[in-house]
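# Coordinate analysis (summary)
Single-letter residue listing:
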Amino acid sequence: YYLHIKRRHPSADQHQGHKKMLFFLTYFSRNLQDAIALKLVKRVFQPNERLGFDTSSYSFYIIDQGKADLQLSRTHFNKLLYKTLRTINKEPQKDKLGVTSNLFGFTSVLLRKRVQLTALSKEFIVTYELEQKDFDELVSQYPADFETVCQLRDNILQNDFPESY
C-alpha cells in the first residue's frame, strides 16, 4: 500500500545531488557549475584507500558519503610519512551552523601540480571525481570563470597554504 511514492527521473535526482555538493563552486558561473555537475564521475573507495594518488593525472573529489583523513605527506630518510590534518566530510556539530568541507584535490587541479596532501578513506566512501583535463576544458569555455581560476591560483601561490586542499 505505502510503496506508491512518486519518483522523479533518477538522473534528475543525481544531477540535483551534484548541485548540492558543488557549493564550493559558488564563485563560478551557474553555467560552469552545471557543466561540472554533468562531468562528475562516481567512484567508490574502500577503507584505507588513498584518493588522488595517481601521479600521471590530477583530479578533485567531492566526497558524498563517508569520511576521509586529509593527510600531509613528507619523505623522511626515503620513508613516506603522513600526518593527519583533519577529517574531510565529517558531520557538523549539532549546535553549530557549520558546513564541513567535502572536497579534496582542488588545489592540485588548480595549480596543475602535485601538492603534498593525500586523503585516506576511513570507511567505504562514495565520491564524485573530475579530472583536471575536464576541468580545464570546461573553464576555457567561460572567460569570466577562467579569470576566477587565475585569481584563485594566484591567491594559493601567494599565501602558500600548507593545508590547502
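Right, let's walk through the structure included here.

## Some words on the sheet that holds strand β5 (residues 79-88)
Across the sheet, four strands lie side by side as β2-β7-β4-β5; this open sheet has antiparallel pairing. Strand pairing shows two members of the sheet lacking a second neighbour, β2 (50-51) and β5, which therefore form its edges. Where strand β4 (residues 68-76) lies against strand β7 (residues 117-121), five bridges are found, and the strand directions are antiparallel. Within β7, the position partnered with Ala-68 by the bridge is Ser-121.

## Re the sheet that holds strand β1 (residues 41-45)
Strand pairing within a sheet occurs via backbone hydrogen bonds; the two strands may be parallel or antiparallel. Within the open sheet, the four strands sit side by side as β1-β8-β3-β6. Their pairing is antiparallel. Of all the strands in the sheet, just β1 and β6 (103-104) have a single pairing partner and so form its edges. In the sheet, strand β3 (residues 59-65) pairs with strand β8 (residues 125-131) via six bridges, with the strands oriented antiparallel. For Phe-60, the partnering residue across the bridge sits in β8 and is Leu-130. Most of the contacts of helix α4 (residues 132-139) go to β8, to which it runs at about 55°, and overall it touches β3 and β8.

## Concerning the nonpolar core
Membership of the largest hydrophobic core comes to 21 residues, with the highest contact counts inside it found for Phe-28, Ile-36, Phe-60, Phe-106, Leu-110 and Phe-135. Looking at this core, the elements with two or more residues in it are α2 (30-39), β3, α3 (106-111), β8, α4 and α5 (143-159). The biggest single contributor to this core is α3, with four residues. The contact partners of Phe-28, leaving out residues within four places of it in the chain, are Gln-33, Phe-106, Phe-135, Asp-145, Thr-148, Val-149 and Leu-152. Core analysis: the second largest hydrophobic core is formed by 11 residues, Phe-45, Leu-51, Ile-63 and Phe-104 among them.

## Focus on the packing of aromatic side chains
Under the definition given, this model contains six aromatic pairs. Ring geometry for Phe-28 and Phe-135: centres 6.4 Å apart, planes at 65°, overall edge-to-face. Pair noted here: Phe-28 is in the loop between α1 (10-21) and α2 and Phe-135 is in helix α4, with a separation of 107 residues, a long-range link. Among the residues examined, Phe-135 registers a relative accessible area of 1% and is labelled buried. Seen from their ring centres, Tyr-61 and Phe-104 are 6.5 Å apart, and the 20° between their planes marks the pair as stacked. Taken together, the positions of Tyr-61 in strand β3 and Phe-104 in strand β6 put the pair 43 residues apart, joining distant regions of the chain. In this structure, Tyr-61 and Phe-104 share a single accessibility class: buried.

## Structural notes on α4
Taken together, the buried positions of α4 are occupied by Gln-132, Asp-134, Phe-135, Leu-138 and Val-139. Taken end-on, α4 shows its buried residues confined to a sector of 160°, consistent with a single buried face. Lining the buried residues of α4 we find α2, β3, α3, β8 and α5.

## What to know about the pattern of salt bridges
In the structure shown here, the tally under the stated rule is six salt bridges. Among the salt bridges present, the one from Lys-133 reaches Glu-131, with a minimum N-O distance of 3.4 Å. One network of salt bridges, with partners in common, ties together Lys-39, Glu-131, Lys-133 and Asp-134.

Criteria and thresholds
Residues numbered from 1 in each chain as written. Predicted model: local features only at pLDDT ≥ 70, side-chain atom pairs only at ≥ 80, totals over all residues. Heavy atoms only, no water. Pairing = 2+ DSSP bridges. Helix = DSSP H or I, 4+ residues; strand = E, 2+ residues; numbered from the N terminus. Contact = heavy atoms within 4.5 Å. Axes fitted to C-alpha atoms, helices over the stretch in contact; angles between N-to-C directions. Core = buried A, V, L, I, M, F, W, Y, C linked by side-chain atoms within 4.5 Å. Buried < 20%, exposed > 50% of the residue type's maximum accessible area, 1.4 Å probe, protein only. Phe/Tyr/Trp six-rings, centres within 6.5 Å; stacked < 30°, edge-to-face > 60°. Arc of directions from axis to C-beta. Salt bridge = Lys/Arg side-chain N within 4 Å of Asp/Glu carboxyl O.

This is a description of form; function is not addressed.
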